[in-house]
Amino acid sequence: MVRIFWKGTKLMNQLRRDPITGIWAIMLQNGKDMVTIKADGHRRLRRLRPGETCEFCSGHESETPLEIFAIRPDNSPRNEPGWRVRVVPERFPVLQIHGETNNRGLGIYDMLDGIGAHELVVETPEHGKIMTDLAENEIADVLTAYRERVLDLKRDPRFRYILVYKNVGEGRRGPSLRHSLSHIIATPITPMRARDELTNAQEYFLLKERCIFCDMIRQELETTQRLVAENENFIALCPFASRAPFEIWILPKRHETFYEWNNELPALAKLLKMVLLKIRQALGDPNYVMVVHSGPNLLAGRQRGYWKTVERDFHWHLEITPRLRGTADFDIIAGFQVNWLPPERAAEVLRQCMI
Ligand SMILES: [Zn+2]
Ligand SMILES: [Zn+2]
Ligand SMILES: [Zn+2]
């Protein structure tokens, strides 16, 4: 049994501030051992029934709303089998595409109509496969679908932000739990976390005339303590003020504001696959959240005079946060994130996972 943490040693817990989000995290120093962590990570999935299918499986295209986008190498007709990645509207969207935002006040309160778009990216025609199982070129197809949908949705000036994420292990209805999906949500407001990052990056730029992410990448490549993996174009690291154990960010090494402008998605797919395999090796197949933080919709922002320096101050990235048990409720109580594993340790464990 490998115990890599300092059992019995008394180290002072640390409070760390993330310079990009401004969020404080409490770093507990008396970490759990890897055996406990791995046991926490394993997904408790019900077994796949033989022949199990769902509405997102190849051959069931007529059971979903009409497709918005698909990658079809064989030029097969729309809404028929033959696709590798397929995007369809969410049947029960949080926000609706039709209508105007109708911004209005109610006394001191602000209100908008719930317009927006909510799309599902079906990452594979195969039921029961997860992103970790996909080949690099299949992951690249999923990343391409994200890019194409974001480019399209950003043509609509009503949408200030396009959120791309996946939530592995989310409580969806019925069998679709076992079909690997991502969400794309276009919103008429900038989500708070994205706005905090944008604002902090802008403030840093006004002060130093440099991109805070580029500075962070430079420092992390120098110190290497929190480095997980890298290739020519991308870097994966555990952020200094990680909010949760094994939080990982993937960033392009070259300064770039918008995910959807990237033309090195095969290299991103390669590093993402490596990171997912490392997570599998270190933690089993835990539930996790992956979110793309890209620049906002300039078409909407410029109209309002926002984000004037965004192309120089903001740097897109992916954030992956495994959902392990044992996180305190202190974040809900005090607004601090409590993390029982410092990122230096997490990065060390992940580096040791040989793929
Ligand atoms: Zn399915
Ligand atoms: Zn940058
Ligand atoms: Zn972010």
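For every chain, the first residue of the written sequence is number 1, and numbering continues from 1 along that sequence. Written order decides the labels, with chains lettered from A and ligands numbered from 1. It should be noted that, the model being predicted, local features are given only for residues of pLDDT at least 70 and side-chain atom pairs only at 80 or more, the latter also being counted only at that level, while totals for whole chains, interfaces and linings use all residues. Excluded from the side-chain calculations are hydrogens and water; all other atoms, namely the structure's heavy atoms, are used.

## A closer look at the overall build of the protein chain
For clarity, the threshold we go by: Numbering of helices and strands starts at the N terminus; helices are DSSP runs of H or I of at least 4 residues and strands are runs of E of at least 2. For every residue, the accessible area (1.4 Å probe, protein chains only) is compared with the maximum for its type, and the residue is labelled buried under 20%, exposed over 50%, or partly exposed between those bounds. Residue contacts follow a heavy-atom distance rule, with two residues in contact if any of their heavy atoms lie within 4.5 Å. Only the protein chains shown count as cover for residues, and all accessible areas are computed by the Shrake-Rupley method using a 1.4 Å probe.
Within the protein chain, the regular secondary structure consists of 9 helices and 15 strands. For the protein chain, the residues scored as buried account for 54% of the 355 residues in total. Contacts in the protein chain between residues far apart in sequence, at least 24 positions, make up 71% of those at least 6 positions apart. Within the structure as shown, the protein chain displays about 16,800 Å² of accessible surface, and the carbon and sulfur contribution to it stands at 54%.

## Let's talk about helix α4 (residues 212–223)
Test applied: Expected span of a helix, by definition, is 1.5 Å for each gap between consecutive residues, and there is one gap fewer than residues.
Compared with an ideal rise of 1.5 Å per residue, which puts 12 residues at 16 Å, α4 spans 16 Å between its outermost C-alpha atoms and is within 8% of the ideal. At the C-terminal side of α4, Thr-224 shows a positive phi close to 60 degrees.

## Considerations on the sheet that holds strand β4 (residues 85–89)
What counts is decided by this rule: Note on pairing: DSSP must find at least two bridges between two strands before they are called paired. The axes used here are C-alpha line fits, helices contributing only the stretch in contact, and every angle between their N-to-C directions lies in the interval 0 to 180 degrees.
Strand order in the open sheet formed by 10 strands is β3-β4-β7-β9-β8-β13-β14-β12-β11-β10, and the pairing between neighbours is antiparallel. The sheet terminates laterally at β3 (69–71) and β10 (227–230), the two strands that pair on one side only. Direction aside, neighbouring strands of the sheet carry axes that sit 20 degrees apart on average. As paired strands, β3 and β4 are joined by 3 bridges and run antiparallel to one another. Its bridge partner lying in β4, Phe-69 is registered against Val-87. Each of β8 (161–168), β12 (248–252), β13 (288–293) and β14 (317–322) touches helix α3 (residues 192–208); the most contacted strand, β14, lies at about 130 degrees to it.

## Some details on the environment of Met-192
By the secondary structure assignment, Met-192 is in helix α3. We classify Met-192 as exposed; its relative accessible area is 58%.

## A word on the nonpolar core
What counts, and what does not: Here, the term nonpolar core denotes a set of buried Ala, Val, Leu, Ile, Met, Phe, Trp, Tyr and Cys residues that are joined through side-chain atoms within 4.5 Å.
With 59 residues, the main nonpolar core has Met-131, Tyr-146, Phe-246, Ile-250 and Leu-272 as its most contacted residues. When residues in this core are grouped by element, the largest group, 11 residues, is from helix α5 (residues 265–283). Formed by 20 residues, the second largest nonpolar core is a distinct cluster that contains Ile-20, Met-216, Leu-251 and Trp-307.

## Looking at the packing of aromatic side chains
Selection rule: Only rings of Phe, Tyr and Trp enter the pairing, Trp through its six-membered ring, and a pair is recorded when the two centres are within 6.5 Å. The plane angle decides the type: under 30 degrees is stacked, over 60 is edge-to-face, the rest tilted. Criterion for a charge above a ring: Lys NZ or Arg CZ within 6 Å of the ring centre, and within 35 degrees of the ring normal.
Within this structure, the stated rule accounts for 5 aromatic pairs. The ring centre of Phe-240 lies 4.5 Å from the NZ or CZ of Arg-16, which sits over that ring.

## Describing the layout of surface pockets
Here is the rule we go by: Put simply, the grid is 1 Å and covers the protein atoms alone, a cavity is a trapped set of points that fit a 1.4 Å probe, a pocket is an open set with protein on both sides within 12 Å along at least five of seven lines, and lining residues have an atom within 4 Å of a point. Grid points are joined across faces, edges and corners, and a volume is the space filled by probe spheres set on the points. Following the grouping adopted for this structure description, the nonpolar residues are Ala, Val, Leu, Ile, Met, Phe, Trp, Tyr, Cys and Pro, the charged ones are Asp, Glu, Lys and Arg, and the polar ones are all others, Gly among them.
Approximately 390 Å³ is the volume found for the largest pocket. Looking at the largest pocket, it is lined by 13 residues, and the ones nearest its centre are Arg-193, Arg-243, Val-289, Val-291 and His-293. Sorting the residues of the lining of the largest pocket by element identifies β8, α3, β13 and β14 as the ones contributing at least two each. When its residues are assigned to classes, the lining of the largest pocket shows 6 nonpolar, 3 polar and 4 charged.

## Let's talk about the coordination of the zinc ion (ligand 2)
Where we set the bar: Each metal's donors are the N, O and S atoms found within 2.8 Å of it, except that Na, K and Ca use a 3.2 Å limit; water is left out, so coordination can look incomplete. A four-donor site is classed as tetrahedral when every donor-metal-donor angle falls between 85 and 135 degrees; four donors are called square planar, and six octahedral, when trans pairs exceed 155 degrees and all remaining angles lie between 65 and 115, with any other arrangement labelled irregular.
In this structure, Cys-211 (SG), Cys-214 (SG), His-255 (ND1) and His-315 (ND1) serve as the protein donors to the zinc ion (ligand 2), at separations of 2.0 to 2.3 Å. Around the zinc ion (ligand 2), the 4 donor atoms sit at angles spanning 105 to 114 degrees, and that spread fits a shape best called tetrahedral. Written as a sequence motif, the donor residues of the zinc ion (ligand 2) are C-x2-C-x40-H-x59-H. Taken together, the residues Cys-211 in the loop between α3 and α4 and His-315 in the loop between α7 (310–313) and β14 connect sequence positions 104 residues apart. By the burial criterion, Cys-211 is buried, and His-315 matches it.

## Section: the confidence of the model for the protein chain
This is how it is decided: Scored between 0 and 100, pLDDT is the confidence that the predictor attaches to each residue.
With 80% of its residues at a pLDDT of at least 70, the protein chain reaches an overall mean of 86. The model gives residues 1–8 a pLDDT under 50, and that stretch makes 19 contacts with residues more than four places away or in other chains.

## Comments concerning the sheet that holds strand β15 (residues 337–339)
Pairing between the strands of a sheet is mediated by backbone hydrogen bonds and can be parallel or antiparallel. Taken in spatial order, the 3 strands make up an open sheet running β1-β2-β15, and their pairing is mixed. The outermost strands of the open sheet, each flanked by one partner alone, are β1 (14–17) and β15. Geometrically, the sheet is characterised by an average inter-axis angle of 30 degrees between neighbouring strands, direction not taken into account. Relative to strand β2 (residues 24–27), β1 runs antiparallel, the two being bridged by 4 bridges. Within the sheet, the bridge partner assigned to Arg-17 lies in β2 and is Trp-24.

## So, the coordination of the zinc ion (ligand 3)
Within the protein, the zinc ion (ligand 3) binds to Glu-197 (OE), Glu-197 (OE), His-293 (ND1), His-317 (NE2) and Glu-319 (OE); these donor distances fall in the range 1.9 to 2.6 Å. Taken in chain order, the donor set of the zinc ion (ligand 3) reads E-x95-H-x23-H-x1-E. In this pair, Glu-197 is assigned in helix α3 and Glu-319 in strand β14, connecting sequence segments 122 residues apart. Across the pair, exposure class does not vary: Glu-197 and Glu-319 are buried alike.

## Details of the packing of α3 against α4
The condition that has to hold: Just so you know how the angles are binned, under 35 degrees is roughly parallel, over 145 roughly antiparallel, 65 to 115 roughly perpendicular, and the rest oblique.
As a packed pair, α3 and α4 sit with axes 9 Å apart at the nearest point and diverge in direction by 85 degrees. In terms of orientation, α3 and α4 fall into the roughly perpendicular class. Where α3 abuts α4, its residues Glu-197, Ala-201 and Tyr-204 lie against Ile-212, Phe-213 and Asp-215. Its residues assigned to classes, the contact of α3 with α4 comprises 4 nonpolar, no polar and 2 charged.

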